[in-house]
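Each chain is listed here by its residues.
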Amino acid sequence: MTLNQHHLSLLKSWEIEEVVAWEPLQENVWHITLADGRELVFKAIGAHTETIAQRLHFEHDVLCHVVQVGVPAAVPLFSNAGTPYVIDDGQIYRLSAWLPNRFVEPQTSEEQTRLYRNYGAAIAHFHAALASYHDDQLLTRTWQSNLLARVFEEAIPVILAHLTGEHLSMMQTTLAALAPAMRAAYADLPQQLVIWDCHPGNVAVDGFVVSGFIDCDHLAVAPRVLDLADFLVHLMKWHLNDEAKLAAWLIHFPQLLAAYEAVTPLTAQERHALFYAMLAEPLIFMDFFFQGGQPELTATEFALFQWLARHHDEVTEQWGNR
């Protein structure tokens, strides 16, 4: 999809200056510059449904609170119609604040430590801001996720129904060994409003400095360790065949957690559950891809689950937590 004349006309649905430049960030996302120098992000979200529209209102309300308490986030702009989106020909569009997002690959251990610590502190501040958001209708405006049920009642049955041959046997063997500890870790975890879709692509960085949070339209009530687990595995899941990068991750990920806990400490229960929350992430993604008719996308998640299972001791000992 390209930004065309129709999109430029559609942008007049917001009270903004003329668009003078734009660049694609993804197929459906553009960084735009206005005549007054202001920078924004324009996103074609997809087909309009009332559920999506309501969630965008919820996202706007939460992010306004987050920004008000001092945490930078890409708040959607209200359109001339008074909504944080525009509907056109059955499609829904959002215009949000631009946050500097120019990632620089760390070249030294010191740079990686700096980046990881900045990630950890930023996520902690965002979690603290989310925890301070009050809405009597919270559980009607977003979903609540029970991690125990999500993994064992939803994800695993779907995965076992789709895997075959050696992969099925490997998954069954690994689950037999880990399931008791996973069940115990997931039970009765404290919950709060969380990012849910917490990965490096949704945390804008300018060099090694976190500039804020973007694309926060999956806010949900769930254990906060799920956000941390999601973020941590996304830092390494694409490098499972690169021993040097995996070794660097093992060395540096405790820095992210230390910076997080310097802002908002985890309970002993949450610390223990974190590794098992990491195991939950590839299972949830495999379920999503199988049900979405994209089985080819499950290979990385399967490999990630097996890698984590094999490296339980290294991961937990590196953080000093069994």
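Starting from 1, residues in each chain are numbered consecutively following that chain's sequence as written. Given that this is a predicted model, residues contribute local features only at a pLDDT of at least 70 and side-chain atom pairs are listed and counted only at 80 or more, while totals for whole chains, interfaces and linings are drawn from all residues. Just so you know, side-chain values use all the structure's heavy atoms and leave hydrogens and water out.

Undergrad: In this structure, what is going on with the packing of aromatic side chains? I would like to understand it.
TA: Aromatic ring pairs are defined here through the distance separating the ring centres and the angle between the ring planes. Paired rings are identified among Phe, Tyr and Trp, the last through its six-membered ring, by centres lying within 6.5 Å, and are further divided according to the angle between planes into stacked (under 30 degrees), edge-to-face (over 60) and tilted (the rest). Considering all chains together, one arrives at 13 aromatic pairs under this definition. Ring centres of Trp249 and Trp307 lie 6.1 Å apart, and the angle between their planes is 75°; on these two criteria the pair is classed as edge-to-face. Residue Trp249 is found in helix H8 (residues 243-263), and its partner Trp307 is found in helix H10 (residues 298-310); the two are separated by 58 residues along the sequence. Relative accessibility under 20% of the residue-type maximum defines a buried residue, over 50% an exposed one, and the middle range a partly exposed one, all with a 1.4 Å probe and only protein chains included. On the basis of relative accessibility, which here comes to 5%, the residue Trp307 falls in the buried class. Chaining the aromatic ring pairs together yields one cluster made of Trp14, Trp30, Phe42 and Tyr93. The ring centre of Phe152 lies 4.1 Å from the NZ or CZ of Arg183, which sits over that ring. Lys237 extends its terminal NZ or CZ atom over the ring of Phe285, reaching a point 4.5 Å from the ring centre. Helix and strand definitions here come from DSSP, where helices need a minimum of 4 consecutive H or I residues and strands a minimum of 2 consecutive E residues; each element is numbered from the N-terminal end. A ring is considered to have a charge above it if a Lys NZ or an Arg CZ atom is located within 6 Å of its centre and within 35 degrees of its normal.

Undergrad: Sorry, what's going on with the nonpolar core here?
TA: General note: in soluble globular proteins, nonpolar side chains tend to be found buried as a group. Grouping buried Ala, Val, Leu, Ile, Met, Phe, Trp, Tyr and Cys residues that are joined through side-chain atoms within 4.5 Å yields what is termed a nonpolar core. Formed by 86 residues in total, the largest nonpolar core has its most connected members in Tyr119, Tyr186 and Trp249. By residue number, the principal contributor to this core is helix H9 (residues 268-291), which donates 12 residues. Throughout, a residue-residue contact means that at least one pair of heavy atoms, one from each residue, lies within 4.5 Å. The contact partners of Tyr119, leaving out residues within four places of it in the chain, are Phe103, Pro200, Val203, Val205, Val210, Phe231, Leu235 and Leu256. Counting 17 residues, the second-largest nonpolar core is a separate cluster that includes Leu8, Phe42, Ala44 and Val86.

Undergrad: What should I look at first to understand helix H7 (residues 224-234) in this one?
TA: The buried count for H7 comes to 11 of 11 residues, which makes it a mostly enclosed element. Turning to H7, its buried residues number three or more, namely Arg224, Val225, Leu226, Asp227, Leu228, Ala229, Asp230, Phe231, Leu232, Val233 and His234.

Undergrad: Is there a simple way to explain the sheet that holds strand E5 (residues 91-97) in this structure?
TA: Note on sheets: strands pair through backbone hydrogen bonds, and any given pair is parallel or antiparallel. Read across the sheet, five strands follow the order E1-E2-E3-E5-E4 without closing on themselves; strand pairing throughout is antiparallel. The open sheet is flanked by strand E1 (19-26) and strand E4 (86-88), the only strands paired with a single partner. Across the sheet, the mean angle separating the axes of adjacent strands is 25° when strand polarity is ignored. A pair of strands is considered paired only if DSSP assigns at least 2 bridges between the two. Where strand E3 (residues 39-47) and E5 come together, seven bridges link them in antiparallel fashion. Of the residues in E5, the one forming a bridge with Gly46 is Ile92. In this analysis an axis means a line fitted to C-alpha atoms, helices contributing only their contacting stretch, and an angle means the value between N-to-C directions, from 0 to 180 degrees. Of the strands in this sheet, E3 and E5 touch helix H2 (residues 50-68), which is tilted by about 10° from E5.

Read these as spatial facts, not as claims about activity.
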